[in-house]
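As a plain string of letters, each chain reads:
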Amino acid sequence: MLGAVVPVPYPSWLNTGDNTWQIVAATFVGLMSLPGLAVLYASIVQKKWAVNVLAMMFAGFSLVLVAWVLWSYKMGFGATSIGGGVRNGIQTQLTGTGWVKHFFENFVGKPGGITDSVGEQGQAVSAANTVIPFHFPTTSLAYFQFVFAAITPLLFLGSVLGRIKFSAWCLLVPLWSTFVYGVDAFLLWGGGYFAQEGSLDFSGGFVIHMSAGVSGFVAAWVLGPRLARDRKNAIPNNLVMAAVGAGILWLGWNGFNGGDPYYAGTDAAAAVVNTNVCTAVGVLVWIGLDAWFSKQKKPTFLGGVNGMICGLVGITPSAGWVNGRGAIYVGVVVTVIVWFAWNFLSKVRPFSKVDDALGVVYTHGIAGLFGGLLLGIFGDPNMIEYGCGHLNSAGQVVNTSATDYVSSSAHCVPFSVAGLMYAPHSAHQLWEQFRAALFVIFWSALVTFILMKLIGLVLRGARYKDEILEIGDLAIHDEEAFPDETLAERVSSSSAFEMAGLTGGAKAPPIASDPPAAGAQ
C-alpha cells in the first residue's frame, strides 16, 4: 500500500547513479576541450599563435553550445526525424521500406530547442537507445552529447590554424556543427539509417574523429598553406604545458568512452579500462617506432603524444565491445598504420599538397577510420553492453542475477558485437562499418568544401593577409601569450607592424617538401 504523497527530489524513472555518472562523464569530456585541447594546441604552435588558438577554442565551444540548445541537439538526437522514419523515439521503418525512402526519412532529426521546462527536466527520449528507458532527464543526455559536438570542430582547428580568420572560424563552427555533425550523429547514433542497418560507433571514431580529420584536411586545402617561415619553424612554444594538456585529454577520455553506454554499469567500466590499455600501447608503439625506424633514431615526447592520440582515437569506436586483448590489438594496429602514414603517406599526393598544420587527418582521420573498421574484426560477442533481466514499472533493473544478465531468452538477446575473429564466416559487421565510413567521409568533405567556399565569399576571403600572418596574435587580438617585459611598456599591433617591416616574407617552398608539422593531435 502506497503512503501519502509527500515532496520528493526526483521522479521514479530517474536513477541517481546513472544520472550522476552521465553528468560527471560529460564534465570529463568538457575538460578535454577546455582546458585540455586548448592548452595542448596552444603549446605546440609557435608562440605568436597561442592566443589565437585559445580564442578560437573558447569561441568555438561557446558557439556549439548555443546552437545545440536552440536547434542542433534535436537534429542529432531528437525523438523524431525529418520524414518520420523515427517517430517519438521509435524506429518505424526497420523492415518493408525501400532503401532510398529508408535513407532520406531517417537522415536527420527535426531541429528544435530544449530550453523550456519539459526540455530541461523531462525524461530523455531518443532513438539513440530504444532498448532501455533512459534513467536521466533530457538535459543530462543533451549536455553529454554537447561536449562531443563541441570538441569535434575544435579538433580540426589543428588543420587550419595559423591562417584562418577568426570571423571565418566563428561562422564555420555553428554551420559545420549543424550540417555535418548533426547529420552524422543522427545517422549513426540518433537511431538513423546507418544505426538501423547495423553500423556501430561506440563513442565517435567515425562521427567525431574521422569526420574531423576529413573536414580539417578539406578546409586546409581550401585555405591554402601557412606562411613559409611558419611551416619551416613550426616549433612548440612550451612542451611542459603541452604535457598538461595531453594528460587532461587522456584522463578525460574516461568520460568520453565510459559515459557512452548511458548507464553506470559493467560495460562502462570495461570501456574505461580498454581505453587506457589501448592508449598506453599506442604511446609505447609510437615511441618505439621513432627510436628504431625514424631518421633520428630517438624517442620523442611529441611522438609519444601522437601515439597517445592514436590509442585514444583507435579504441573509441569499439571501447565497450572488445575485450582487453582486442584493445591491445587495436592500439598496435592503428598506431603502426598512422605512424607510417605520418612519415610516408604525407609525401604522396594529395597529402603532400595540403598544409594540415598539426596532422589531424592522420591522428584523427586515419586512426578513426581504422579503429571503426577493426570493430568488425575484434568485436567480442561476450562483451555485453546491455544484458537481459527484469525492469520494474519505473524502468529500473530488479531481480536480475549475473546468470540472467548474460542469458538469451525468447524475449531478449544480450547486445554485443561479433567481429571476424569470433565469427569467421560472417563479415557483415565489417561491411556495415565500411559503408558508414564511406558516407561520413563523403558527407564531411562535401559539406565542408561548400561551407568554406561560401564563407570565403561572404568575408571576401577566409584567411588573413600575409602581413597579418607575419605578426600573429598581436595583429589579430592585440594580445600576446608571452609578452616581452620592457618596463611594462605594451607594444601595439600597429607599432609591431612598423618594427617588423614585413610584407609577406619569403616565397613559400612547395608543400610537397614539408613533412607534417612537429606537433600532435
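Residues numbered from 1 in each chain as written. Predicted model: local features only at pLDDT ≥ 70, side-chain atom pairs only at ≥ 80, totals over all residues. Heavy atoms only, no water.

Trainee: Let's hear about the overall build of the protein: which residues, and what values?
Mentor: When helices and strands are tallied, the protein shows 19 helices and four strands. Computed over the C-alpha atoms, the radius of gyration of the protein is 24 Å, within 12% of the 24 Å expected from 2.2 N^0.38 for a compact globule of 521 residues. C-alpha extents for the protein along the principal axes are approximately 85 × 50 × 50 Å. The buried share of the protein, reckoned over its 521 residues, is 55%. For the protein, the proportion of contacts with a sequence separation of at least 24, taken over those separated by at least 6, is 81%. Just so you have it, the protein exposes about 21,600 Å², and 66% of that area is on carbon and sulfur atoms. Separation of charge centres in the protein, based on 26 positive and 29 negative side chains, amounts to 12 Å. (Helix = DSSP H or I, 4+ residues; strand = E, 2+ residues; numbered from the N terminus. Rg over C-alpha atoms; globule rule 2.2 N^0.38 Å. Buried < 20%, exposed > 50% of the residue type's maximum accessible area, 1.4 Å probe, protein only. Contact = heavy atoms within 4.5 Å. Areas by Shrake-Rupley, 256 points an atom, 1.4 Å probe, with all protein chains shown as cover. Lys, Arg positive; Asp, Glu negative; His and termini not counted. Charge placed at Lys NZ, Arg CZ, Asp CG, Glu CD.)

Trainee: Just give me the short version of the pattern of salt bridges, but keep the residues and values in it.
Mentor: Applying the stated rule across the entire model yields six salt bridges. Its salt-bridge partner being Glu432, residue Arg435 comes within 2.9 Å of it at the nearest N-O pair. Placement of both Arg435 and Glu432 in helix H16 (residues 428-459) is noted, with a separation of three residues, approximately one turn of the helix. With respect to class, Arg435 is no different from Glu432; both count as buried. Linked by salt bridges that have partners in common, Glu197, Glu432 and Arg435 make up one network. (Salt bridge = Lys/Arg side-chain N within 4 Å of Asp/Glu carboxyl O.)

Trainee: Hey, could you go over the packing of aromatic side chains for me, with residue numbers and the actual values?
Mentor: Under the counting rule described, the total for this entry stands at 41 aromatic pairs. Seen in terms of ring centroids, Phe134 and Tyr262 are 5.3 Å apart; in terms of plane orientation they differ by 80°. Their pairing is edge-to-face. Linking Phe134 in the loop between helix H4 (117-121) and helix H5 (138-160) with Tyr262 in the loop between helix H10 (239-258) and helix H11 (266-293), this pair joins segments that are 128 residues apart in sequence. Tyr262 carries the same exposure label as Phe134, and that label is buried. Ring centres of Tyr263 and Tyr386 lie 6.0 Å apart, and the angle between their planes is 85°; this geometry places the pair in the edge-to-face category. Residue Tyr263 is found in the loop between H10 and H11, and its partner Tyr386 is found in the loop between helix H14 (360-378) and strand S3 (390-391); the two are separated by 123 residues along the sequence. Taken together, the ring pairs connect Trp68, Tyr73, Phe77, Phe144, Phe148, Tyr181, Trp189, Trp253 and Phe256 into an aromatic cluster. (Phe/Tyr/Trp six-rings, centres within 6.5 Å; stacked < 30°, edge-to-face > 60°.)

Trainee: Before we move on, could you go through the layout of surface pockets and cite the residues and values that matter?
Mentor: Empty space within the largest pocket amounts to approximately 1,200 Å³. Sorting the residues of the lining of the largest pocket by element identifies helix H7 (193-197), H11, S3 and helix H15 (402-406) as the ones contributing at least two each. With three residues, the single largest contributor to the lining of the largest pocket is H11. Residues that form the lining of the largest pocket fall into these classes: 26 nonpolar, 19 polar and five charged. (1 Å grid on protein atoms, 1.4 Å probe; cavity = no way out; pocket = protein on both sides within 12 Å on 5 of 7 lines; lining within 4 Å. Points joined across faces, edges and corners; volume = space filled by probe spheres on them. Nonpolar A, V, L, I, M, F, W, Y, C, P; charged D, E, K, R; others polar.)

Trainee: How would you sum up the state of the cysteines? Please name residues and give values.
Mentor: With the rule as written, the count across this model stands at one disulfide. Residue Cys388 pairs covalently with Cys412 via a disulfide, S to S 2.0 Å. Linking Cys388 and Cys412, the disulfide has an S-S dihedral of approximately -90° and is accordingly described as left-handed. In this pair, Cys388 sits in the loop between H14 and S3 while Cys412 sits in the loop between H15 and H16, placing the two residues 24 residues apart along the sequence. Residue classification places Cys388 among the buried residues on the basis of a relative accessible area of 5%. The thiol of Cys278 is unpaired, and the distance to the nearest cysteine sulfur, on Cys310, comes to 9.4 Å. (Disulfide = S-S within 2.5 Å.)

Trainee: Give a detailed account of the side chain of Gln433, specifying residues and quantitative values.
Mentor: Within the secondary structure, Gln433 is located in helix H16. Look at Gln433 and you get buried, because its relative accessible area is 0%. Among the polar contacts made by the side chain of Gln433, one reaches the side chain of Gln429 at a distance of 2.9 Å. Beyond its immediate sequence surroundings of up to four residues, Gln433 is in contact with Gly198, Ser199, Leu200, Phe206, Gly372, Leu373, Leu375 and Gly376. (Polar contact = N/O pair within 3.5 Å; in protein donor to acceptor, adjacent residues only side chain to side chain.)

Trainee: Summarise the environment of Pro137; cite the residues concerned and give the values.
Mentor: With respect to the secondary-structure elements, Pro137 resides in the loop between H4 and H5. Its relative accessible area of 11% is what places Pro137 among the buried residues. The spacing of Pro137 and Asn19 is 118 residues in sequence and 8.0 Å in space, taken between C-alpha atoms. Excluding residues that lie within four positions of it along the chain, Pro137 makes contacts with Trp13, Leu14, Asn19, Glu120, Gln121, Gly122, Gln123 and Ala124.

Trainee: Lay out a negative patch on the surface with the relevant residues and their values.
Mentor: A cluster of like negative charges, contributed by Asp478, Glu479, Glu480 and Asp484, occupies part of the molecular surface. As for its placement among the helices and strands, Glu480 is situated in the loop between helix H18 (473-477) and helix H19 (493-500). We classify Glu480 as partly exposed; its relative accessible area is 36%. (Patch = residues over 30% accessible without salt bridge, like charges linked within 9 Å, V, L, I, M, F, W, Y side chains within 5 Å.)

Trainee: Tell me about the side chain of Ser199, and please be specific about residues and values.
Mentor: If you trace the backbone, Ser199 turns up in the loop between H7 and helix H8 (205-223). A polar side-chain atom of Ser199 sits 2.8 Å from the main-chain carbonyl oxygen of Glu432. Once residues within four sequence positions are removed from consideration, Ser199 is found in contact with Leu188, Phe194, Gln429, Glu432, Gln433 and Ala436.

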